[in-house]
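Residue-level structural notes
The residues making up each chain are set out below.
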Amino acid sequence: MATSLETQHPIKALGWAAKDSSGVLAPLKFSRRATGEHDVQFRVLYCGICHSDLHLAKNEWGGTIYPLIPGHEIVGEVTEIGSKVKKVKIGDKVGVGCLVGSCRQCEECANNQESYCPKQIISINSRYYDGTVTYGGFSNLMVADEYFILRWPDNLPLNCAPLLCAGITTYSPLKRFGLDKPGVNVGVVGLGGIGHLTVKFAKTFGSRVTVISTSANKKKEAIETFGADEFLVSHDQEQMQAAAGTLDGIIDTASANHSLLPLINLLKPHGKLILIGAPQKLEVPVFPLLQGGKCIVGTACGGLKETQDMLEFAAEHKILPDVEVIPIDYVNKAMERLEKGDVEYRFVIDVGNSLKAE
Ligand code: NAP
Ligand code: ZN
Ligand code: ZN
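The chain carries the name 8-hydroxygeraniol dehydrogenase in an unreviewed UniProt entry, which gives Sesamum indicum as its organism. Listed under Cofactor (unreviewed entry) in UniProt, the entry text for the chain is "Zn(2+)". The record held by UniProt for the chain lists under Sequence similarities (unreviewed entry) the comment "Belongs to the zinc-containing alcohol dehydrogenase family."

Below is the structure:
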């Protein structure tokens, strides 16, 4: 018998979903809404696997709505547009990142900061205006309001889908906090999906980059391939001590619990520790912040305009994520490997060639 997920909307779709906190994904028939007058429907070609997909699949933040169809780094080809759509036409390559909705009226939306809109609708695990759950790009078909559709630059490979979350999530704070200039010393904690793109963007901006990693074996690649200037192993106290007080800002992408004190010590007075990574809880040492006039701030993805700007910038400067392209039936293995940090540096699912609805 068809489930309500299959019939709640008119357009048949097929995805891979986690059904419980084991996080194990399996094929699931569901449905997408009909293309409204401002909507763009597209066939999914590639979808990146962000660590947030893993946190959500395993309910590590609490509040996962099962079944969960992950995927918020989605690239595809337009198959249908609504009568009022102006941004794209059928056949265009497009992307959808973290957001599929926001109020478009509040101060944040007016300032192109939709990812801070209190009424934002995330591409997965959120509820749309009609109350139905949002399902991501581990699926054959996507539909979104054109406002949340990104135009994919012609000269950017389609498997660079990770720019849509990992890319913008670091590009946005690097710019907003003035870490996008020559002469600025930027630290990057965690050389994973977001971390390796942080190094690439920061180096392109001309900053001096120090990677702070738990994995000594990533040093060669960080320096020789990605162009980092320094590499610190976070549990090597001598190295950490020698670098104390040298950084203007740190982008912290670590996905699991870790101590903030050694990172705060790396900052110059008035330096900023920018939290991107999303372990559920981190302990904040207060006195080192007071004494150094330092701050800790969190950031979330980025707005639509800056995401479009970031895509153009990445295309122009050839800032491409290092990806391992996989078929959809490898996704459970990929999630396992992501959990162990065994990926260089982002899995991208070749949805277009491996997920076929019958
Ligand atoms: P990822 O590819 O798994 O990379 C995370 C990196 O964190 C790992 O490669 C590892 O780097 C480091 N790490 C892992 N465990 C650690 C530990 N216990 N202590 C210190 N470092 C550790 O993940 P990602 O996709 O880049 O995402 C990173 C985090 O950002 C996740 O928590 C994700 O949910 C979050 N995120 C947030 C936003 C946002 O809007 N704020 C957007 C996307 C993702 P080393 O081996 O170099 O130590
Ligand atoms: Zn993400
Ligand atoms: Zn808003």
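**What to know about the site of ligand 1**
Not every one of the 30 residues close to ligand 1 is listed here, only the nearest: Ser-213, Thr-214, Ser-215, Lys-218 and Arg-346. His-51 places a side-chain nitrogen or oxygen 2.6 Å from an oxygen atom of ligand 1. Ser-52 places a polar side-chain atom, nitrogen or oxygen, 2.8 Å from an oxygen atom of ligand 1. Contact with the protein chains hides 87% of the accessible area of ligand 1, taken as 920 Å² for the molecule alone. At the level of elements, α2 (51-57) and α5 (193-205) are the ones that each hand at least two residues to the shell around ligand 1. Ranked by the residues each element gives to the shell around ligand 1, the list is headed by α2, at three residues.

**Examining a nonpolar patch on the surface**
Where nonpolar side chains cluster on the molecular surface, the patch consists of Val-284, Val-286, Phe-287 and Leu-290 and spans about 410 Å² of accessible area. Tracing the chain through its elements places Val-284 in the loop between β14 (267-275) and α9 (287-292). The partly exposed category is assigned to Val-284, whose relative accessible area is 44%.

**Some details on the pairing of strand β5 (residues 93-96)**
Across four bridges, the pairing between strand β4 (residues 74-81) and β5 is antiparallel. The residue bridging Ile-74 from the neighbouring strand is Val-96, located in β5. Alignment of β5 against strand β9 (residues 150-151), held across two bridges, turns out to be antiparallel. Bridge pairing links Val-94 to Arg-151 in β9.

**As for the coordination of the zinc ion (ligand 2)**
Taken together, the protein donors to the zinc ion (ligand 2) comprise Cys-50 (SG), His-72 (NE2) and Cys-165 (SG), at separations of 2.0 to 2.3 Å. Here the donor residues of the zinc ion (ligand 2) are spaced in sequence according to C-x21-H-x92-C. With Cys-50 in the loop between β3 (39-48) and α2 and Cys-165 in the loop between β9 and α4 (166-176), the pair connects residues that are 115 residues apart, well separated along the chain. We classify Cys-165 as buried; its relative accessible area is 5%.

**Observations regarding unusual backbone geometry**
Note the cis peptide between Tyr-66 and Pro-67, where omega equals -5°. Secondary-structure assignment places Pro-67 in the loop between α2 and β4. Put simply, Glu-344 and Tyr-345 share a cis peptide bond, and its omega is -10°. Topologically, Tyr-345 is positioned in the loop between α11 (331-339) and β17 (346-349). A positive phi angle, near 65°, is found at Arg-104, a position not held by glycine. Position of Arg-104 relative to the elements: it lies in the loop between β6 (99-101) and α3 (107-110). Despite not being glycine, Asn-125 has its phi angle at roughly 60°, a positive value. Its place among the elements puts Asn-125 in the loop between β7 (121-122) and β8 (141-145).

Parameters at a glance
- Every chain begins its residue count from 1, and numbering advances along the sequence as written.
- Both sets of labels track the order of writing: A upward for chains, 1 upward for ligands.
- Local features are withheld for residues below a pLDDT of 70 in this predicted model, meaning they are given only at 70 or higher, and side-chain atom pairs are given and counted only at 80 or more; totals for whole chains, interfaces and linings count all residues.
- Excluded from the side-chain calculation are hydrogens and water; included are all heavy atoms of the structure.
- UniProt positions are given in the numbering used here, feature names are shortened, and annotations may be inferred rather than shown by experiment.
- Neighbouring residues are identified by heavy atoms, a residue being near a molecule or strand if any of them is within 4 Å of it.
- N or O atoms within 3.5 Å of each other form a polar contact, as long as, within protein, one can give a hydrogen and the other can take it, and as long as residues adjacent in sequence are counted only when both atoms are side-chain atoms.
- Methods summary: accessible areas were calculated by the Shrake-Rupley approach with a probe of 1.4 Å, and residue burial reflects only the protein chains presented.
- By definition, any uninterrupted DSSP run of H or I lasting at least four residues is a helix, any uninterrupted run of E lasting at least two residues is a strand, and each is numbered from the N terminus.
- Patch membership requires more than 30% relative accessible area and the absence of a salt bridge. Residues of like charge join within 9 Å; the nonpolar side chains Val, Leu, Ile, Met, Phe, Trp and Tyr join within 5 Å.
- Take a side-chain nitrogen of Lys or Arg and a carboxyl oxygen of Asp or Glu: if they are within 4 Å of each other, that pair is a salt bridge.
- Relative accessibility decides the category of a residue: with a 1.4 Å probe and only protein chains considered, values under 20% of the type maximum give buried, values over 50% give exposed, and everything between is partly exposed.
- The pairing criterion is simple: DSSP has to find at least two bridges between the two strands.
- Counted as donors are the N, O and S atoms within 2.8 Å of the metal, or 3.2 Å for Na, K and Ca, while water is not among the atoms, so some sites may look incomplete.

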